[in-house]
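Residue-level structural notes
Below, each chain spelled out in residue letters.
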Amino acid sequence: VTLGLKNRMLNIPVARGWTSSRDVLGFYNSLSSSFNSSATGLYEFLTQLHSETKSTAEAAPAICLLDEFNLSQPEHYFSPFLEMADPESKRIITTGDQTSPFLEIPKYLRFLGTINNDESVQSLTPRMLDRSAIISFDDFELDYDISLSPVKSLDDLDVTAISGNKFIEIFTPRSLELPQDIDRTLRLIIDTLREEKPEFGPSISVSFRKIKAIRAYHSVTSSMYIDSRF
């Protein structure tokens, strides 16, 4: 609501037992020569966004929220979209439909997922974690004051969404270079995590993709830091 996206946010409750993209997207039925879309509405959502890539008009950002993201193994049902985490991705989804063989996914579409960590869900693999940014809401400061202005109804929020191009620009890093002191600290953290010492537990190797994401994060957010650059 606060982003002003309205119908440009699709909420998909993930079901247990999803095994392929046909569960979340759908599949091409060669017998009927048509695409059988999933009940999630994702195919129709992506079709609309695909049509926007052919237009010169400004479009607003879009968000697809996958609720209980790891209730089924994400690498199975979400595999066509994982490749889009790479900057060199063409952001294309093939459909198998000869009349509409592919869907082009604009960069202003973002996928979000809510997850739980217990025995009832699938664990996130290193491949998934390497392509994700995790925000934990497990721990809150007890004395943290949250002040919200009362809103009578959602209609009271008159918010105009920014353009998709502006959305991309805001989150695009200007440089991947770090100041010397921060770069030195990052290297120390990476080396410490990599050390094989019993008191540290299993060693952790920070991938190049994650290091690049950390550098990009600093470039975008460093101007917002309040207390310390660290």
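See the structure shown above.
Conventions adopted
- Chains are numbered independently. Their residues run from 1 in the order of the written sequence.
- Two thresholds apply to this predicted model, a pLDDT of at least 70 for residue-level local features and 80 or more for giving and counting side-chain atom pairs, whereas whole-chain, interface and lining totals are computed over all residues.
- The side-chain values count all of the structure's non-hydrogen atoms but skip hydrogen atoms and water molecules.
- A run of DSSP states H or I qualifies as a helix once it reaches four residues; a run of E qualifies as a strand once it reaches two. Both are numbered from the N-terminal end.
- Each residue gets one of three labels from its accessible area relative to the maximum for its type: buried under 20%, exposed over 50%, partly exposed in between, using a 1.4 Å probe on protein chains only.
- Contacts are residue-level and defined by heavy atoms, with any inter-residue pair within 4.5 Å sufficient.
- Exposure was quantified through the Shrake-Rupley algorithm and a 1.4 Å probe, taking into account, for residues, occlusion by the shown protein chains and nothing else.
- Only buried residues count toward a nonpolar core. Its members are Ala, Val, Leu, Ile, Met, Phe, Trp, Tyr and Cys residues joined through side-chain atoms within 4.5 Å.
- We define a salt bridge as a side-chain nitrogen of Lys or Arg found within 4 Å of a carboxyl oxygen belonging to Asp or Glu.
- Here a Phe, Tyr or Trp ring, Trp counted by its six-membered ring, pairs with any other such ring whose centre lies within 6.5 Å, and the pair is stacked when the planes are under 30 degrees apart, edge-to-face when over 60, and tilted otherwise.
- Only when the NZ atom of a Lys or the CZ atom of an Arg is both within 6 Å of the ring centre and within 35 degrees of the ring normal do we say a charge sits over the ring.
- A pair of strands counts as paired when DSSP detects no fewer than two bridges linking them.
- Think of each axis as a best-fit line through the C-alpha atoms, taken over the contacting stretch in the case of a helix, with angles from 0 to 180 degrees between the N-to-C directions.
- Here is the rule for angles: anything less than 35 degrees is roughly parallel, anything more than 145 is roughly antiparallel, 65 through 115 is roughly perpendicular, and the remaining ranges are oblique.
- For a crossing to be left-handed, the near helix must be turned anticlockwise from the far one by less than a right angle; the clockwise case is right-handed.
- When residues are sorted by character, Ala, Val, Leu, Ile, Met, Phe, Trp, Tyr, Cys and Pro go into the nonpolar class, Asp, Glu, Lys and Arg into the charged class, and all the rest, Gly among them, into the polar class.
- In this charge count, Lys and Arg are treated as positive and Asp and Glu as negative; neither His nor the chain ends contribute.

1. A few points about the overall build of the protein
Secondary structure assignment for the protein yields eight helices and seven strands. Looking at the protein as a whole, 31% of its 230 residues qualify as buried. The contacts in the protein between residues at least 6 apart in sequence include a share of 70% that link residues at least 24 apart. With the model as given, the accessible surface of the protein reaches about 16000 Å², and the carbon-plus-sulfur share is 55%.

2. Observations regarding the nonpolar core
With 32 residues, the main nonpolar core has L42 and L46 as its most contacted residues. Among the elements of the structure, β1 (9-13), α2 (42-52), β4 (62-67) and α4 (79-82) are those that each provide at least two residues to this core. Among the elements that take part in this core, α2 stands out by supplying five residues, more than any other. The contacts of L42, once residues within four sequence positions are left out, are L10, I12, V24, L25, C64 and F81. Ranked by size, the runner-up nonpolar core spans six residues in total, among them I182, L186, V206 and I211.

3. A closer look at the pattern of salt bridges
Under the counting rule described, the total for this entry stands at nine salt bridges. D130 serves as the salt-bridge partner of R209, at 2.7 Å between the closest nitrogen and oxygen. With R209 in helix α8 (residues 208-221) and D130 in helix α5 (residues 126-130), this pair connects stretches of sequence that are 79 residues apart. According to the relative accessible area criterion, D130 is buried, its value standing at 16%.

4. Some points on the packing of aromatic side chains
A complete count under the given rule lists nine aromatic pairs for this structure. Here the aromatic rings of F69 and F78 are separated by 5.6 Å at their centres, their planes lie at 90°, and the arrangement is edge-to-face. For the pair F69 and F78, a shared accessibility class is recorded, and that class is buried. One residue, R22, lies across the ring of F27, its end atom 4.0 Å from the ring centre.

5. With respect to the sheet that holds strand β7 (residues 109-113)
In sheet architecture, strand pairing relies on hydrogen bonds along the backbone and comes in two forms, parallel and antiparallel. Spatially, the three strands line up as an open sheet ordered β1-β4-β7, and their pairing is parallel. The open sheet has two edge strands, β1 and β7, and neither has a second partner. Neighbour to neighbour, the strand axes of the sheet diverge by 15° on average, direction disregarded. Direction of pairing for β1 relative to β4: parallel, over a ladder of five bridges. What sits directly across from N11, in β4, is L65. Its contacts with the sheet place α2 against β1, β4 and β7, and it is angled at close to 165° to β4.

6. Describing the packing of helix α7 (residues 180-194) against α8
At a closest axis distance of 12 Å, the pairing of α7 and α8 adopts a crossing angle of 150°. It follows that α7 is roughly antiparallel to α8 by the angle criterion. With respect to the hand of their crossing, α7 and α8 are arranged in right-handed fashion. Only I211, I214, R215 and H218 of α8 make contact with α7, whose side of the interface consists of I182, D183, L186, R187 and I190. Its residues assigned to classes, the contact of α7 with α8 comprises five nonpolar, one polar and three charged.

7. Some details on the side chain of D97
With respect to the helices and strands, D97 occurs in the loop between β5 (92-94) and β6 (102-104). Although D97 is buried, it makes no salt bridge; R22 carries the closest opposite charge, 14 Å away. Every residue in contact with D97, bar those within four places of it in the chain, is listed here: Y28 and F35.

8. What about unusual backbone geometry?
The backbone phi angle of K6 is positive, close to 55°, even though this residue is not glycine. Checked against the element boundaries, K6 lands in the segment before β1. Of note in this structure, S33 is not a glycine but carries a positive phi near 55°. By the element assignment, S33 lies in the loop between β2 (26-29) and β3 (34-37).

9. Description of the environment of I214
Relative to the helices and strands, I214 is located in helix α8. Here I214 falls in the partly exposed class, since its relative accessible area comes to 38%. The sequence separation of I214 and L186 amounts to 28 residues, and the corresponding C-alpha distance is 9.0 Å.

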